[in-house]
Amino acid sequence: MIRIFFLALLGLSVSTQAKEISPYEQQRLILLKNTDVLPPQPDTHPVNWVYNREGVIPPQCYTQTKGINNPCYVCHQNSRTGRENTMNDGALQIAYSFSDEGMTNHWKNLFQDRTQAVAAISDNAILDWVNQDNYSELAQRLAQADYKGWIPDLKNLTQGKKAFDQYGFAKDKSGWVAFNYKPFPSTFWPTNGSTDDVMIRLPKIYQQNAQEKYSQDVYRANLAILEAKIKGFSEIGSLPINEKNIGSDLNQDGKLSIIREIKKVDQYVGAAHKEFIDTHLYPKGTEFLHTVRYLGFDKKGIIVNSNRMKEVRYMRKWKAYPKSVYARKYQLEGFEKEAGNLPGYHLIGDHGLDNGTGWSVSGFIEDSHGRLRGNTFEENFFCMGCHNTIGSTIDKTFSFARKIDGAKGWGYINLHQQQDVATYGEKQGEFLTYFERVGGGDEFRSNEEMLTKWFDQQGQVKRDAVQSVKSLHELITPSRERAMILNKAYKTIVMEQSYIYGRDARITAPLNVYKKVDNETAPVLPSSAFYHWDIRLQWQNDTEIKSTNDVVDNKNVN
């Protein structure tokens, strides 16, 4: 049925299906006139089908726990009452439960020795590379090619913070809003290879007043209300809002004035006041823009987001489901896994892949010359591992639930403004806790710089040192020397166009990773090493701002 769907989409007769057409080739045919957007297929791609049918299993899942270390808990969690995510995959914390195909680690780039290739790139060459702008020309190129998907419409994003006002609103009036969030452990820590930023945009109806005119007061209010709903809060701090421009007493004080707190979070305001709203769900039409970048340096040599982008990632929520529908979809996915069926997703042309739960996922990645090109089918398939198949996310996303609460969290990401606060249910800093449970500064326990800096010779965390840092920037950014090496290592992957073999910036193979998992010999973690974990963070000690659902489903733990 899937093949017939694609053939119909391409205008090909069903009788041609005897010849296998790869997802990449299907996409190439759709964009045949558009070779500047989707260049010729990289040599690394197989001819007839995807290389890794279990591409949703990321490299980190092949980490050797040795029956002691647990880096898996931040992804694999059982459901909490009231949330849409009922994946209930907590058992994956303590056991390798892969399909036969997934038992083999297909991420070959983990095991490549890039010492000589990295040495061949000079410091000046890599600095010049990461300082280049490869984003600004992309939109025009896509438009000229009659690209039907999302076209990057946030101007000057190369400049990072400078593209936004002090509250995070894009200066180009595109509706994108940047927010300051805590990076997810530990894939997006700069010390492990990349910097990034995330922006959110709500549909125009959420930006308009009752007269359907743009109102920043309305937009600020709806963004704050959404934040409260995603986090399960009964109230939330906000940017300054003039209630008179909305016509609603949002802070419930009996008058209309300029407010900085919203206590009425049961419905959106303005033109969107009748739109569906529920906890832990984004409204239909919500968009996320995520850029993944190299490690750049400012004039003082401090590590910042680079101008050059490794990837430009985009998600759009096309359809909003009630939680009962999500629960059924998770149940059906569980049946598919029990039956031994491998994951599969619909290609929707220039819009990327449909994740099956209302979101499309697409993006652009560097070609061998550093120009951004459209992702291939398999390069988008890789994203599904995080945005569809793990239990810790909220409505398939990570960053917004990790935003600094309230007004302080609106603005471009800034690690200098963040401390290592605890997640809900924990009593000490999240990253300190991660260090102790994982036994390292990355999932593979192979970041030697982090091990030297934050662990003693016996492998114990230097708690006092970790807790005395001035900001997260000090805790999770690398030295200049390491940053240069990581940038060079990733550039070699770009030159190879070998993304389907892995995107981790590495020079030599990590010690603690399986090439093949054998369930009979691979040690599993004891049930005592299972951890409940909440993606949300305790940014403040305000007891008035409470979560509405902290009850955990304990099934599938043992």
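Here's what I pulled together on the structure shown here. All of these numbers come straight from a predicted model, not from anything done at the bench.

Definitions and cut-offs
Residues numbered from 1 in each chain as written. Predicted model: local features only at pLDDT ≥ 70, side-chain atom pairs only at ≥ 80, totals over all residues. Heavy atoms only, no water. Axes fitted to C-alpha atoms, helices over the stretch in contact; angles between N-to-C directions. Helix = DSSP H or I, 4+ residues; strand = E, 2+ residues; numbered from the N terminus. Parallel < 35°, antiparallel > 145°, perpendicular 65-115°, else oblique. Contact = heavy atoms within 4.5 Å. Nonpolar A, V, L, I, M, F, W, Y, C, P; charged D, E, K, R; others polar. Buried < 20%, exposed > 50% of the residue type's maximum accessible area, 1.4 Å probe, protein only. Pairing = 2+ DSSP bridges. Core = buried A, V, L, I, M, F, W, Y, C linked by side-chain atoms within 4.5 Å.

## Some points on the packing of helix 4 (residues 123–131) against helix 14 (residues 480–496)
Pairs of packed helices are described in terms of their axes, by the angle between the two and the distance that separates them. Two numbers describe how helix 4 lies on helix 14: the axes approach to 10 Å, and their chain directions differ by 75 degrees. The angle between helix 4 and helix 14 places the two elements in the roughly perpendicular class. Contact residues: Asp123, Ile126, Leu127, Trp129 and Val130 in helix 4; Arg480, Met484, Asn487, Lys488, Lys491 and Val494 in helix 14. Across the contact of helix 4 with helix 14, the residue classes tally to 6 nonpolar, 1 polar and 4 charged.

## Topic: the pairing of strand 9 (residues 359–366)
When you tally the buried positions in strand 9, you get 8 out of 8 residues, the bulk of the element. The sheet contact formed by strand 6 (residues 303–317) and strand 9 spans 7 bridges and is antiparallel. What sits directly across from Arg313, in strand 9, is Gly363. Where strand 8 (residues 353–354) meets strand 9, 2 bridges bridge the pair, whose relative direction is antiparallel. Counterpart to Leu353 in the pairing with strand 9 is Val361. Between strand 8 and strand 9, which pair antiparallel in sequence order, lie 4 residues; one of them, Gly356, sits at a positive phi of approximately 85 degrees. Here strand 9 runs beside strand 10 (residues 372–374); their pairing, made up of 3 bridges, is antiparallel. Following the sheet pairing, Glu366 is matched in strand 10 by Leu372. Remark: 5 residues form the turn of the hairpin made by strand 9 and strand 10, two consecutive strands paired antiparallel; Gly370 in that turn has positive phi of roughly 95 degrees.

## Re the pairing of strand 2 (residues 195–201)
A large share of strand 2 lies buried, amounting to 7 of its 7 residues. Residues Thr195, Asp197, Met199 and Arg201 point to one face of strand 2 and Asp196, Val198 and Ile200 to the other, with burial holding for every one of them. Sheet topology note: the strand 2/strand 5 (residues 287–297) ladder contains 7 bridges and is antiparallel. Bridge pairing links Thr195 to Arg293 in strand 5.

## Notes on the nonpolar core
Of all hydrophobic cores here, the largest spans 108 residues; its most connected members are Leu154, Ile200, Ile262 and Phe435. Top element by residues in this core is helix 6 (residues 216–231). It accounts for 9 residues. With residues near it in sequence (within four places) discarded, Leu154 still touches Tyr135, Ala163, Phe164, Ala170, Asp172, Ser174, Trp176, Met199 and Leu289. Residues Ile126, Leu127, Tyr294 and Phe297 belong to the second largest nonpolar core, which totals 20 residues.

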